[in-house]
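What the coordinates show
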Amino acid sequence: GLDDILRQRRGGGPLRRLPGGGAPRGWWRWVLAGSACAWLVTTSIHFIGQGEKGLVTTMGRYSHLADPGIALTLPWPVQALTVRNTGKVEQLAVPDSAGENLLVTRDGQLIDLTFQLRWKVRDLRLFEYQVSDPEAALRALVSAQMRASVAELPFDAVWDGSRQGELQNRVLARTQAVLDSWRMGVRLEGIDITRANPPARLAEAFKRVTAAREAVRKEEDK
């Protein structure tokens, strides 16, 4: 009909289509707009959980810390946010691989000693920026302090556990003092010795020594 012809010439009708029955013109604009909205939302709105802290950087430089809740930032790459669980107690095993970890005691003997360090991030800004690799620095520091402290005690006191508590407290205090002087933003929670044995090649000899000691004690108790 005449009305239909006029409507087609004016571009009327419910939907204009490209030649050949394609999609509406300008569809790519909607795709770009949707992508831009998704980019703005995902890089500007952040959810920080309880016990977590967010570190906000602007063009790669420190800006501020964000507390738990909803944090708003400028879109990436203008601003970026890194989240870390500062309420979690981290575990650090020393050494980090299997095998013996031989330390020298005050009387010149070797002891195979391993331990577990418990620590937390106290200041996220200092932890991220003060040292390039804070966990590696922490491992190296506590290992050195344990080596120095073991060298102050006799073998038997470390082996039989009679002074292990003293050893742990000594290493903990010394390591924390150095961490504070370095301003690393780390708080130590504790140290637990997990193994204190004679070297493997001397294991049989120490078994005989232990058996002899037990025999002497039994004789003394009679």
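Residue positions are given per chain, counted from 1 along the sequence in the order it is written. Residues qualify for local features only when their pLDDT is at least 70, as the model is predicted, and side-chain atom pairs are given and counted only at 80 or more; totals for whole chains, interfaces and linings, by contrast, use all residues. Side-chain numbers here rest on the full set of heavy atoms in the structure, without hydrogens or water.

1. A short note on the overall build of the protein chain
- Secondary structure elements follow DSSP: runs of H or I no shorter than four residues count as helices, runs of E no shorter than two count as strands, and numbering proceeds from the N terminus. In terms of regular secondary structure, the protein chain is built from seven helices and nine strands.
- Counting over 222 residues, the protein chain shows a buried share of 31%.
- Residue exposure ignores everything except the shown protein chains as possible cover, and the areas themselves are Shrake-Rupley values with a 1.4 Å probe. Total accessible area on the protein chain stands at roughly 14100 Å², and carbon and sulfur atoms take up 54% of it. To sort residues, take the accessible area from a 1.4 Å probe on protein chains only and compare it with the maximum for the residue type: under 20% means buried, over 50% means exposed, and anything in between is partly exposed.

2. Some points on the pattern of salt bridges
- Note on definitions: salt bridges are taken to be side-chain nitrogens of Lys or Arg within 4 Å of carboxyl oxygens of Asp or Glu. With the rule as written, the count across this model stands at eleven salt bridges.
- Its salt-bridge partner being Asp67, residue Lys53 comes within 2.4 Å of it at the nearest N-O pair. Taken together, the positions of Lys53 in strand β2 (residues 52-58) and Asp67 in the loop between β3 (61-66) and β4 (69-72) put the pair 14 residues apart, joining distant regions of the chain.
- Judged by its relative accessible area of 26%, Lys53 is partly exposed.
- Classification of Asp67 by relative accessible area gives partly exposed; the value is 48%.
- Among the salt bridges present, the one from Asp112 reaches Arg195, with a minimum N-O distance of 3.0 Å.

3. Concerning the side chain of Thr105
- Note on placement: Thr105 falls in the loop between β7 (102-104) and β8 (110-121).
- Judged by relative accessible area, Thr105 falls into the buried class, the value being 3%.
- Reaching out from Thr105, the side chain makes a polar contact with the side chain of Asp107 at a distance of 2.5 Å.
- Setting aside its immediate chain neighbours within four residues, Thr105 contacts Ile111, Val150, Ala151, Leu153, Pro154 and Phe155. Identification of polar contacts relies on pairs of N or O atoms within 3.5 Å, with a donor-acceptor requirement for protein atoms, meaning one able to donate a hydrogen and the other able to accept it, and with residues adjacent in sequence counted only if both atoms are side-chain atoms. By definition, residues are in contact when any of their heavy atoms lie within 4.5 Å.

4. Topic: the side chain of Gln168
- Looking at the secondary structure, you find Gln168 in helix α6 (residues 164-182).
- The contacts of Gln168, once residues within four sequence positions are left out, are Ile191, Asp192 and Ile193.

5. Structural notes on the nonpolar core
- Within the largest apolar cluster, 31 residues are counted, with the highest numbers of intra-cluster contacts made by Leu113, Trp119, Met146 and Leu167.
- If you list the elements that add at least two residues to this core, you get β6 (90-94), β8, α3 (124-129), α4 (134-150), α5 (155-159), α6 and β9 (186-197). For the purposes of this section, nonpolar cores are sets of buried Ala, Val, Leu, Ile, Met, Phe, Trp, Tyr and Cys residues that join through side-chain atoms within 4.5 Å.

6. With respect to the environment of Gln116
- Tracing the backbone shows Gln116 in strand β8.
- For Gln116 and Pro95, which are 21 residues apart along the polypeptide, the C-alpha to C-alpha distance reads 8.8 Å.
- Filtering out sequence-adjacent residues up to four positions away, Gln116 remains in contact with Gln91, Leu92, Ala93, Gly190, Ile191, Asp192 and Thr194.
- A polar contact is formed between the side chain of Gln116 and the side chain of Gln91, at a distance of 3.4 Å.

7. Comments concerning the packing of aromatic side chains
- Here the aromatic set is Phe, Tyr and Trp, taking the six-membered ring for Trp, and pairing holds for ring centres within 6.5 Å; pairs whose planes are under 30 degrees apart are stacked, those over 60 apart are edge-to-face, and all others are tilted. Enumeration according to the criterion identifies three aromatic pairs in this entry.
- With a centroid separation of 6.1 Å and an interplanar angle of 80°, the aromatic rings of Tyr62 and Tyr129 are classed as edge-to-face. Here Tyr62 is found in strand β3, whereas its partner Tyr129 is found in helix α3, with 67 residues between them in sequence.
- Of the residues examined, Tyr129 reaches a relative accessible area of 40% and is grouped as partly exposed.

8. Thoughts on the pairing of strand β1 (residues 45-48)
- On β1, burial follows the alternation: His46 and Ile48 on one face are buried, whereas Ile45 and Phe47 on the facing-out side are not.
- Note: β1 against β4, four bridges, orientation antiparallel. Residue His46 lies in a different strand from β4, and its bridge partner there is Ala71. Paired strands, in this sense, are two strands between which DSSP finds at least two bridges.

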